[in-house]
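# Close look at the chain arrangement
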Amino acid sequence: MTAITTDRRQGSHRTGRDGYRFGQAARMEWIKLRSQRGAGWTLAGTAAAMIALGVLIGIHQSAHLTAAARADYDPTGNGFAGLALGELAIGVLGVLIMTSEYSSGLIKATLAAIPNRPLLLAAKAAVFGTVTLAAGELMAFATFIAMRTSLPATVPHPGLGQPGVLRAVIMAGAYLTVAGLIGLGVGTLIRHTAGAIGTMVGVLYVVPLALLALPASVGNPIEKFLPMIIAENSLTAVKRVSPSLPPWAGLGMLCLYVAVLLGAGGWLLVRRDA
């Protein structure tokens with residue numbers, strides 16, 4: 001009887017405490033991310049689009065550069081025009097990381113393996129955030145190098161040692177990560193793919209356009225806190241976009257959005273059925 005009780009306690013110990021550790025949850029999420037349909041193609045397509053648009057827009061802008069516009073010419077900011085597509089692609093991928101588990105029914109097996117739901121979401125966010133940060137920074141530096149190499153000799157070439165340039169490149173990669181985590185947070189809150197993607201697109205693209213219809217006295221105090229405006233200012237190395245938050249304050253605001261969305265998503269994840 002004592003041996004049976006001991007074995008049961010040991011089995012409970014293995015499946016209870018050992019099964020719920022962060023490292024094990026993170027490994028499981030890494031395996032699921034690698035097997036996520038289209039994840040690799042999404043990252044590769046995003047990189048190709050960002051580099052291609054960076055080169056094309058850089059060449060186009062430099063070809064039409066007048067003497068009067070030379071003072072405000074910002075090849076770094078122009079080269080990251082493709083980030084508008086990149087944030088959408090990575091944001092949608094972040095949504096799918098969560099909503100695909102609900103649509104496929106995999107979430108039940110996931111929660112059975114790791115009943116600690118806040119731990120599960122933390123591991124999912126950590127793995128996805130690490131992967132997108134590494135990929136985003138590679139995309140950002142590759143886009144910058146390709147854009148700089150393609151510029152004609154008659155226009156200024158940005159260098160990483162110039163004021164604001166390295167910061168802009170680093171923040172371009174970080175912004176892709178933030179967009180992905182915002183998508184993950186929205187997907188956790190809504191759980192349905194179409195609704196989550198529609199909400200994310202509305203926040204990122206529709207709201208800034210809607211504010212243009214409002215008087216500047218009403219729209220300006222609001223739009224400087226929006227992700228799109230924050231990104232636009234953060235990627236500008238020459239001239240600050242107005243009205244806007246300072247670049248690092250803007251990044252802090254974006255991180256606050258991520259924390260609120262993931263916190264609210266985790267709170268609902270605990271209280272809702274799978």
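This write-up is about the structure you can find in this document.

Quick notes on the rules
Every chain is numbered independently, its residues counted from 1 as its sequence is written. Residues qualify for local features only when their pLDDT is at least 70, as the model is predicted, and side-chain atom pairs are given and counted only at 80 or more; totals for whole chains, interfaces and linings, by contrast, use all residues. By convention in this description, side-chain values take in all heavy atoms of the structure and omit both hydrogens and water. Only DSSP runs of H or I covering at least 4 residues are called helices, and only runs of E covering at least 2 are called strands; the numbering of each starts at the N terminus. Buried residues are those whose accessible area, probed at 1.4 Å on protein chains only, stays under 20% of the maximum for their type, while exposed residues exceed 50% and partly exposed ones sit between those limits. Here the accessible surface of atoms and residues is derived via Shrake-Rupley with a 1.4 Å probe, and residues count as covered only by protein chains that are part of the display. Residues forming no salt bridge and having over 30% relative accessible area are the ones grouped into patches, like charges within 9 Å of each other and nonpolar side chains (Val, Leu, Ile, Met, Phe, Trp, Tyr) within 5 Å. What makes a salt bridge here is a side-chain nitrogen of Lys or Arg within 4 Å of a carboxyl oxygen of Asp or Glu, nothing more. Helix span, expected: 1.5 Å multiplied by one less than the number of residues in the helix. What we call the bend at a residue is the angle made by axes fitted to the seven residues finishing there and the seven residues starting there. Definition of nonpolar core: a set of buried residues of the types Ala, Val, Leu, Ile, Met, Phe, Trp, Tyr and Cys, connected through side-chain atoms within 4.5 Å. Contacts are residue-level and defined by heavy atoms, with any inter-residue pair within 4.5 Å sufficient. We call two N or O atoms a polar contact when they sit within 3.5 Å, provided that within protein one can donate a hydrogen and the other can accept it, with sequence-adjacent residues counted only if both atoms are side-chain atoms. Angles here are taken between N-to-C directions and fall from 0 to 180 degrees, while the axes themselves are lines fitted to C-alpha atoms, restricted in helices to the stretch in contact. For a crossing to be left-handed, the near helix must be turned anticlockwise from the far one by less than a right angle; the clockwise case is right-handed. Polar here means any residue other than Ala, Val, Leu, Ile, Met, Phe, Trp, Tyr, Cys and Pro, which are nonpolar, and Asp, Glu, Lys and Arg, which are charged; Gly is therefore polar. Working definition: roughly parallel below 35 degrees, roughly antiparallel above 145 degrees, roughly perpendicular at 65 to 115 degrees, and oblique for all remaining angles.

### Some thoughts on the overall build of the protein
Looking only at helices and strands, the protein has twelve helices and zero strands in total. Looking at the protein as a whole, 44% of its 274 residues are labelled buried. For the protein, the accessible surface area stands at approximately 13,500 Å², while carbon and sulfur atoms represent 68% of it.

### Describing a nonpolar patch on the surface
A grouping of Leu160, Leu166 and Ile170 is seen on the molecular surface, where their side chains present a nonpolar patch of about 220 Å² in accessible area. As for its placement among the helices and strands, Leu160 is situated in the loop between helix H7 (117-150) and helix H8 (165-190). When its relative accessible area of 38% is taken as the criterion, Leu160 is described as partly exposed.

### Considerations on helix H5 (residues 83-104)
Between the first and last C-alpha of H5 there are 30 Å, a value that for 22 residues agrees with the 32 Å anticipated at 1.5 Å per step. Considering bend angle alone, the principal kink of H5 is centred on Met98 and spans about 35°. After H5 finishes, the residue Gly105 shows a positive phi value of roughly 85°.

### Quick look at the nonpolar core
The biggest cluster of nonpolar side chains holds 59 residues, and the ones touching the most others in it are Phe80, Phe128, Met139 and Leu184. With residues up to four places along the chain from it excluded, the contact list for Phe80 reads Met50, Ala140, Thr143, Phe144, Ala168, Val169, Ala172 and Leu235.

### What about the side chain of Arg117?
Secondary-structure assignment places Arg117 in helix H7. On the accessibility criterion, Arg117 (18% relative accessible area) is buried. In terms of polar contacts, Arg117 uses its side chain to reach the backbone carbonyl oxygen of Arg272, at 2.6 Å.

### Some points on the environment of Ile90
Of note, Ile90 is situated in helix H5. Taking C-alpha positions, Ile90 is 7.9 Å from Thr132, a pair spaced 42 residues apart along the chain. Among residues more than four places away in sequence, those in contact with Ile90 are Leu43, Thr46, Phe128, Thr132, Leu176 and Gly180.

### Quick look at the packing of H7 against H8
The interhelical angle for the contact between H7 and H8, taken along N-to-C directions, is 145°, at an axis separation of 8 Å. Considering only the axes of H7 and H8, their crossing is right-handed. For the contact of H7 with H8, the per-class residue count stands at 17 nonpolar, seven polar and two charged.

### Some remarks on unusual backbone geometry
The phi torsion at Arg191 lies on the positive side, around 75°, for a residue other than glycine. Along the chain, Arg191 turns up in the loop between H8 and helix H9 (193-211). Assessed through its relative accessible area of 22%, Arg191 is described here as partly exposed.

### Here we look at the pattern of salt bridges
In this structure the tally under the stated criterion is four salt bridges. In this structure, Lys32 engages Glu29 in a salt bridge whose closest nitrogen and oxygen atoms are separated by 2.9 Å. Highlighted residues: Lys32 and Glu29, both in helix H2 (residues 22-34), separated by three residues, approximately one helical turn. Each member of the pair, Lys32 as well as Glu29, carries the same accessibility label: buried.

### Considerations on the packing of H5 against H7
Following both chains from N to C, one finds H5 and H7 inclined at 150°, their axes separated by 12 Å at the closest point. Between H5 and H7, the angle is such that the two are roughly antiparallel. Between H5 and H7 lies a crossing whose hand is right-handed. From H5, Ile90, Leu93, Gly94, Ile97, Met98 and Glu101 reach across to H7, where they touch Leu121, Lys124, Phe128 and Thr132. Residue composition of the contact of H5 with H7, grouped by class: six nonpolar, two polar and two charged.

### Regarding H9
Under the 1.5 Å per step criterion, the end-to-end length of H9 is 26 Å for 19 residues, consistent within 8% with the ideal 27 Å. Gly202 marks the point of greatest bend in H9, at about 45°. Here H9 has its buried residues at Ala196, Met200, Gly202, Leu204, Pro208 and Leu211.

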